[in-house]
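Architecture and fold: a report
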Amino acid sequence: MLPNRDAAEIEKIIGYTFADKALLSACFTHASYANVHKTESNERLEFLGDAVLGFLVAKALYASEGESEGRMTERRQKLVSEAPLKDCIVHAGLDRFLLFSGSAPNAKAISSLFEAIVAGIYLDGGMEEAEKVVRRFLAPLLLKEGESRNFKGELQEFLQARGQEKTVYTVVKTEGAPHAPLFTVCAEGAGRAAFGKGHSKAEAEKAAARALLFQLQNPSGEN
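This section reports on the structure supplied with the text.

Rules behind the numbers
- Residues numbered from 1 in each chain as written.
- Predicted model: local features only at pLDDT ≥ 70, side-chain atom pairs only at ≥ 80, totals over all residues.
- Heavy atoms only, no water.
- Helix = DSSP H or I, 4+ residues; strand = E, 2+ residues; numbered from the N terminus.
- Rg over C-alpha atoms; globule rule 2.2 N^0.38 Å.
- Contact = heavy atoms within 4.5 Å.
- Areas by Shrake-Rupley, 256 points an atom, 1.4 Å probe, with all protein chains shown as cover.
- Buried < 20%, exposed > 50% of the residue type's maximum accessible area, 1.4 Å probe, protein only.
- Arc of directions from axis to C-beta.
- Pairing = 2+ DSSP bridges.
- Axes fitted to C-alpha atoms, helices over the stretch in contact; angles between N-to-C directions.
- Salt bridge = Lys/Arg side-chain N within 4 Å of Asp/Glu carboxyl O.
- Phe/Tyr/Trp six-rings, centres within 6.5 Å; stacked < 30°, edge-to-face > 60°.
- Lys NZ or Arg CZ within 6 Å of the ring centre and 35° of its normal.
- Parallel < 35°, antiparallel > 145°, perpendicular 65-115°, else oblique.
- Left-handed = near helix turned anticlockwise from the far one by under 90°.
- Nonpolar A, V, L, I, M, F, W, Y, C, P; charged D, E, K, R; others polar.

1. Looking at the overall build of the protein chain
- The helix and strand tally for the protein chain stands at 10 helices and three strands.
- Element order for the protein chain, N to C, with α for helix and β for strand: α-α-α-α-α-α-α-α-α-β-β-β-α.
- What you see for the protein chain is a C-alpha radius of gyration of 23 Å, clearly larger than the 17 Å of a compact globule of 223 residues, by over 25%.
- Residue pairs at least 24 apart in sequence account for 52% of intrachain contacts in the protein chain once pairs closer than 6 positions are excluded.
- A total accessible area of about 12300 Å² is found for the protein chain, and carbon and sulfur atoms account for 52% of it.

2. Some remarks on helix H5 (residues 69-79)
- Taken residue by residue, H5 has Met72, Arg75 and Leu79 as its buried positions. Viewed along the axis of H5, the buried residues span an arc of 65°, placing them on a single side of the element. When the buried face of H5 is taken as reference, the exposed residues oriented beyond 90 degrees from it are Glu69, Gln77 and Lys78.

3. Structural notes on the sheet that holds strand S3 (residues 192-198)
- In space, the three strands of this open sheet follow the order S1-S2-S3, with antiparallel pairing throughout. Across the chains shown, the open sheet's two edge strands, defined by having one partner strand only, are strand S1 (168-175) and S3. Between one strand axis and the next, the sheet turns by 20° as a mean value, whatever way the strands run.
- Across seven bridges, the pairing between strand S2 (residues 182-189) and S3 is antiparallel. Bridged to Val185 within S3 is Gly196.
- Across the sheet, helix H10 (residues 201-217) touches S1, S2 and S3, and the angle it forms with S3 is around 145°.

4. Brief notes about the pattern of salt bridges
- Enumeration over the complete set of coordinates arrives at 10 salt bridges.
- One salt bridge connects Lys59 with Glu131, and the closest N-O pair in it is separated by 3.3 Å. Residue Lys59 is found in helix H4 (residues 43-63), and its partner Glu131 is found in helix H8 (residues 127-142); the two are separated by 72 residues along the sequence.
- Looking at Glu131, the relative accessible area reads 14%, which means it is buried.
- In this structure, Glu74 and Lys78 form a salt bridge, with 3.4 Å as the shortest nitrogen-oxygen distance. Residue Glu74 and its partner Lys78 are both found in helix H5; the two are separated by four residues, about one turn of the helix.

5. Describing the packing of aromatic side chains
- Inspection of every chain in the model, using the stated rule, returns two aromatic pairs.
- With 5.2 Å between their ring centres and 80° between their planes, Tyr16 and Phe18 make a pair best called edge-to-face.
- Looking at Tyr16, the relative accessible area reads 9%, which means it is buried.
- Measuring from ring centre to ring centre gives 6.1 Å for Phe114 and Phe137, while their planes differ by 90°; the resulting arrangement is edge-to-face. Here the residue Phe114 occupies a position in helix H7 (residues 107-125), and Phe137 occupies one in helix H8, the gap between them amounting to 23 residues.
- Residue Phe114 is classed as buried on the basis of its relative accessible area of 4%.
- What makes Phe137 buried here is its relative accessible area of 16%.
- Positioned above the aromatic ring of Tyr169 is the side chain of Lys152, whose terminal nitrogen or guanidinium carbon lies 4.7 Å from the ring centre.
- Note that Arg162 overlies the ring of Phe158, its terminal NZ or CZ placed 3.6 Å from the centroid.

6. With respect to the packing of H4 against H5
- At a minimum axis distance of 10 Å, the contact between H4 and H5 shows a crossing angle of 135°. As the angle between them shows, H4 and H5 are arranged oblique. Crossing handedness for the pair H4 and H5: right-handed. For the pair formed by H4 and H5, the contact residues are Gly54, Val57, Ala58, Leu61 and Tyr62 on the first element and Met72, Arg75, Arg76 and Leu79 on the second.
- Within the contact of H4 with H5, the residues separate by chemical class into six nonpolar, one polar and two charged.

In structure tokens, the structure reads:
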């Protein structure tokens, strides 16, 4: 079992208080320690946490601005892989609480701790609480390049500040298979036009807004 002081510090770091302290201890018990001390390891929790984490990351990616199925799959695989999960644990300082026997825990043991924690919170407090923790820790990784910027909003503010009317977005071309269309959108404003492509209209509009904003902010074409 984790010492009460360690358990309290862990809960403070992750932002969740366990009703079942034994479950919290199980999350932090590696198989090497469990085998020596004849107790439950976090292996089963790791198995469940892998599935819960995969679902929550997929949900977050689906809720972001439109991306293709292939791109979302690629990003999910990267987000739930060993390296980013290990980094999250280490940066939070949670690895020092892992109950481990033998030499220092390897990257797999540390990344698996993240999955075990997710499962533990899910079992103790439900999916909503697990989602809060996952989003808190993975938020920087869930934001793809430029996703945190609202280019359509920035473009509108740029135009309004100069007394211009709002941008007009027009779908000028749709290509590709029905299950994986590719849209081309034209954004028009301030007497200029720019084009953007995307696997959804929203994605294409955002790309077009970004291109038009760049044009207006850099009329000479300079970066």
